[in-house]
Amino acid sequence: MAENLTRASYTVESLLAVTVRVFNERGYDGTSMEDLSRAAGISKSSIYHHVRGKEELLRLAVGRALDALFAILEEPRAVEGRPVDRLEHVVRRTAEVLLAELPYVTLLLRVRGNTVTEQWALERRRDFDHRVAELVQQAVGAGELRADLEPRLATRLLFGMINSVVEWYRPSQRDSEGLPDAVVQLAFDGLRAR
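Every chain's residues receive numbers from 1 upward, in the order its sequence appears when written. At least 70 in pLDDT is required for a residue's local features to be given in this predicted model, at least 80 for side-chain atom pairs to be given and counted, and no such filter applies to totals for whole chains, interfaces and linings, which use all residues. Side-chain metrics rest on all non-hydrogen atoms present in the structure, leaving aside hydrogens and water.

Draft legend 1. Spatial organisation of the packing of helix 6 (residues 83-100) against helix 8 (residues 116-141). Interaxial angle, 0 to 180 degrees, is taken between N-to-C directions of lines fitted to C-alpha atoms, where a helix line uses only the stretch in contact. Only DSSP runs of H or I reaching four residues or more are called helices, and only runs of E reaching two or more are called strands; each is numbered from the N terminus. Between helix 6 and helix 8, the least distance of the axes is 8 Å, while the angle of their chain directions is 145°. With respect to the hand of their crossing, helix 6 and helix 8 are arranged in left-handed fashion. Of helix 8, the residues touching helix 6 (which contributes Pro 83, Val 84, Arg 86, Leu 87, Val 90 and Thr 94) are Phe 128, Val 132, Leu 135, Val 136, Gln 138 and Ala 139. Residues are sorted three ways: Asp, Glu, Lys and Arg are charged, Ala, Val, Leu, Ile, Met, Phe, Trp, Tyr, Cys and Pro are nonpolar, and all the rest, Gly among them, are polar. Along the lines of polarity and charge, the residues of the contact of helix 6 with helix 8 split into nine nonpolar, two polar and one charged. Take the far helix as your reference; a near helix turned counterclockwise from it by less than a right angle gives a left-handed crossing, and one turned clockwise gives a right-handed crossing. By the convention used here, residues are in contact when the closest approach between their heavy atoms is within 4.5 Å.

Dropping the structure here:
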C-alpha cells in the first residue's frame, strides 16, 4: 500500500513515517530498500538522496523514540521533589510518550542487537533503565517505596507493563487518555511503602 509521496511533499520525516510502518510490519531484516521505495511511492534514488540507507533510517526512527524517553528524565518534575513523585512522573510520561510515538517506540522495543544501530539502541535503553532504577532506589531509600523489591526488578516490571501496551493498544481505541493514569495507579498501589 504505497503512500505515494510526491517529490513536493517528500521529506525525511514523511519517509520515516512510512519506513517505521514497514519495519514494524515486515521486520527490519525482512525489509529491503525496494520495499521502502514501493511503500513510499518514490524511487530508491529519491530515498538515497536524503539518507545513506536502511540502517540510517533505523537510527533516525529509534533515535526519535529514545530522544523522547530521555527528554522525560530532564523535565523539572523528573528532577525536583521527592523521589517517589519524580518516579511517578517518569512512569506517567513514559506511558504518554509511548502513546504519542507508538510506531517509533514499537520499533525500538523490537530491535535485537543484530546491527550496529540496534546495539546502540539497546545500550541507550539500558542506560534509561539504569537511570530509572536509580530513581527507584532513591525512593526505596527514602522509605517511599517497598524495601522488599529489588530496584532493578521493580524497574523491569514497571516498564514491562508499560512496554506491553505496544502489543495490544490501537490508536483508534478511545481509552488512551486514561491509560497513563491507569498504569501509574496500578503500579504505585503495589509499590508504595505501607
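Draft legend 2. Quick look at helix 8. With 26 residues, helix 8 ought to run about 38 Å at 1.5 Å a step, and its terminal C-alpha atoms sit 37 Å apart, in line with that. The inward-facing, buried residues of helix 8 contact helix 4 (54-72), helix 6, helix 7 (102-110) and helix 9 (151-163). Count one or two residues on from helix 8 and you reach Gly 143, which has phi positive near 75°. Here, expected helix span is obtained from the residue count minus one, scaled by 1.5 Å.

Draft legend 3. Seen up close, helix 4. With 19 residues, helix 4 extends 28 Å between its outermost C-alpha atoms, agreeing within 8% with the 27 Å of an ideal straight helix rising 1.5 Å per residue. Accessible area is worked out with a 1.4 Å probe on protein chains only. A residue is then buried under 20% of its type maximum, exposed over 50%, and partly exposed in between. Among all positions of helix 4, only Lys 54, Leu 57, Leu 58, Ala 61, Val 62, Gly 63, Ala 65, Leu 66, Leu 69, Phe 70 and Ile 72 are buried.

Draft legend 4. The arrangement of the pattern of salt bridges in detail. The working definition used for a salt bridge is a side-chain nitrogen of Lys or Arg within 4 Å of a carboxyl oxygen of Asp or Glu. A full pass over the atoms with the stated rule returns 18 salt bridges. When the shortest N-O distance is used, the salt bridge between Asp 35 and Arg 38 registers 2.8 Å. Linking Asp 35 with Arg 38, this pair stays in helix 2 (residues 33-40), spanning three residues, or about one helical turn. You can call Asp 35 buried: its relative accessible area is 10%. In this structure, the salt-bridge partner of Glu 74 is Arg 131, at a minimum N-O distance of 3.0 Å. Pair noted here: Glu 74 is in the loop between helix 4 and helix 5 (76-79) and Arg 131 is in helix 8, with a separation of 57 residues, a long-range link. Arg 131 sits in the partly exposed class, given a relative accessible area of 31%. Counted as one network, the salt bridges with shared partners bring together Arg 26, Glu 34, Asp 35, Arg 38 and Lys 44.

These results come straight from atomic positions and should not be treated as a statement about function.
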